[in-house]
Amino acid sequence: MLWYKAWRDTRWRFLIGLGILTGTALANVLAYPSVHGLLAVGLVVDPDDLLSHEINWVTQVSSSFRGYVWVQLVRQNLFYLWTIFAVLLGAEGPLSQRTGAIFTLSLPVSRRRVFAVRAATDLGELCVLALVPMLLIPLAAPAVGYTYALADSLVHGFQLLMGGAVFYSLALLLATIFEDRWRPIIITLAVAVVGNLCANFFAAGAPLNPATVMVGESYFRTGIPAWAGICIWPCVSAAMLYAAMRSNETRDF
């Protein structure tokens, strides 16, 4: 019953997120022939200007299909869209008034079990949201005359989940501290945005930045996953989840 309730509480956010992320992935792949024809225009801009330098860099990386997928989809669209849905799932805590806390507390189960089932359901849904859009790329790429390695899809999806789980955990922890819905969402999204901006300029600091793990620049450039960050940030996420669980156990409803 707890698993079914957790699914019912989260299904629409999950299904909407799955539709948006898969649609974005397919749209990015199918748009590549049109974008590829405009790449030369981006190289004409003044290289001394900071914005122009960024445009030139993105244009050069996007000259290959693999680079285009990484810059446009993994580094930007999937990072932000996936993080938004992770935060929305986390900010709706399992024992909040919005998820029927009074009914849930009346069940003959411990708060710890309620929390564990909900967190496991959320993380399972986030795993699907991370992997399915990436796995669509190798399937859709031949439609535009290109190929994309299945291994690249799996690694980028895996890193998105391993690094991004910390934002879900942070939102869930904040949801046990604040009574309203918006402060956990705003605070966590602000942290994610700052992290992504830092990741764009300090790619070498993967162990210190979950966003760097999520965008997977080190894997894109070297073929080696960010193992240090992959090990560190799930541990940080687990610590936040434990803190959120303890907070839920001691709250007075």
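Basis of the calculations
- Residues numbered from 1 in each chain as written.
- Predicted model: local features only at pLDDT ≥ 70, side-chain atom pairs only at ≥ 80, totals over all residues.
- Heavy atoms only, no water.
- Helix = DSSP H or I, 4+ residues; strand = E, 2+ residues; numbered from the N terminus.
- Buried < 20%, exposed > 50% of the residue type's maximum accessible area, 1.4 Å probe, protein only.
- Contact = heavy atoms within 4.5 Å.
- Areas by Shrake-Rupley, 256 points an atom, 1.4 Å probe, with all protein chains shown as cover.
- Expected span 1.5 Å × (residues − 1).
- Phe/Tyr/Trp six-rings, centres within 6.5 Å; stacked < 30°, edge-to-face > 60°.
- pLDDT = per-residue confidence, 0-100.
- Core = buried A, V, L, I, M, F, W, Y, C linked by side-chain atoms within 4.5 Å.
- Axes fitted to C-alpha atoms, helices over the stretch in contact; angles between N-to-C directions.
- Parallel < 35°, antiparallel > 145°, perpendicular 65-115°, else oblique.
- Left-handed = near helix turned anticlockwise from the far one by under 90°.
- Nonpolar A, V, L, I, M, F, W, Y, C, P; charged D, E, K, R; others polar.

## Notes on the overall build of the protein
Inference 1: For the protein, the helix and strand inventory stands at 11 helices and zero strands.
Inference 2: Buried residues in the protein amount to 50% of all 253 residues.
Inference 3: Expressed as a percentage of contacts within the protein between residues at least 6 apart in sequence, the contacts between residues at least 24 apart total 72%.
Inference 4: Looking at the protein as shown, the accessible area adds up to about 11,800 Å², and 71% of this sits on carbon and sulfur atoms.

## Let's talk about helix α11 (residues 227-250)
Inference 1: In a regular helix each residue adds 1.5 Å, so 24 residues correspond to 34 Å; α11 covers 36 Å between its end C-alpha atoms and thus fits that length.
Inference 2: Those residues of α11 that sit buried are Gly229, Ile230, Trp233, Ser237, Met240, Leu241, Ala244, Met245, Ser247 and Asn248.

## Some details on the packing of aromatic side chains
Inference 1: For the structure on display, the rule yields eight aromatic pairs.
Inference 2: Their ring planes at 65° and their centres at 6.0 Å tell us that Trp7 and Phe14 sit as a pair that is edge-to-face.
Inference 3: Judged by its relative accessible area of 33%, Trp7 is partly exposed.
Inference 4: Residue Phe14 is classed as buried on the basis of its relative accessible area, which comes to 9%.
Inference 5: Seen in terms of ring centroids, Tyr32 and Phe65 are 5.3 Å apart; in terms of plane orientation they differ by 75°. Their pairing is edge-to-face. Linking Tyr32 in helix α1 (residues 2-36) with Phe65 in helix α4 (residues 65-91), this pair joins segments that are 33 residues apart in sequence. Residues Tyr32 and Phe65 agree in their burial class; the two are buried.
Inference 6: Members of the aromatic cluster, each reached through a chain of ring pairs, are Tyr32, Phe65, Tyr68, Tyr146 and Tyr148.

## Comments concerning helix α7 (residues 150-175)
Inference 1: If you check α7, its first and last C-alpha atoms are 37 Å apart, about what 26 residues at 1.5 Å a residue would give, namely 38 Å.
Inference 2: Along α7, 22 of the 26 residues are buried, which leaves the element largely enclosed by surrounding structure.

## Looking at the confidence of the model for the protein
Inference 1: The predicted model of the protein has a mean per-residue pLDDT of 84, with 82% of residues at 70 or higher.
Inference 2: When mean pLDDT is compared element by element in the protein, α7 scores highest at 95, while helix α5 (residues 101-105) scores lowest at 54.

## Some thoughts on the environment of Val194
Inference 1: Relative to the assigned elements, Val194 resides in helix α8 (residues 182-201).
Inference 2: Distance in space between the C-alpha atoms of Val194 and Asn209 is 9.9 Å, their sequence separation being 15 residues.

## Examining the nonpolar core
Inference 1: By size, the foremost hydrophobic cluster in this structure holds 55 residues, and its most contacted members are Phe65, Trp82, Leu126, Ile137 and Tyr168.
Inference 2: Where this core is concerned, the elements lending two or more residues are α1, α3 (50-61), α4, α6 (111-140), α7, α8, α9 (210-215) and α11.
Inference 3: The greatest single-element share of this core, amounting to 13 residues, is contributed by α4.
Inference 4: In contact with Phe65, not counting residues within four places along its chain, are Val29, Tyr32, Ile137, Ala141, Val144, Tyr146, Thr147 and Tyr148.

## Considering the side chain of Ser153
Inference 1: Mapping Ser153 onto the fold places it in helix α7.
Inference 2: Overall, Ser153 belongs to the buried group, its relative accessible area being 0%.
Inference 3: Residues contacting Ser153, with those up to four places away along its chain left out, are Met134, Leu135, Ile137, Pro138 and Tyr148.

## Re the packing of α7 against α11
Inference 1: It is at 8 Å that the axes of α7 and α11 come closest, and there the two elements cross at 25°. Here α7 is positioned roughly parallel relative to α11, judged by the angle of their axes. Once α7 is placed against α11, the crossing between them reads as left-handed. For the pair α7 and α11, the contacting residues are Phe158, Gln159, Met162, Ala165, Val166, Tyr168, Ser169, Leu170, Leu172 and Leu173 in the first and Ile230, Trp233, Pro234, Val236, Ser237, Met240, Leu241, Ala243 and Ala244 in the second.
Inference 2: Of the residues that constitute the contact of α7 with α11, the class distribution is 16 nonpolar, three polar and no charged.

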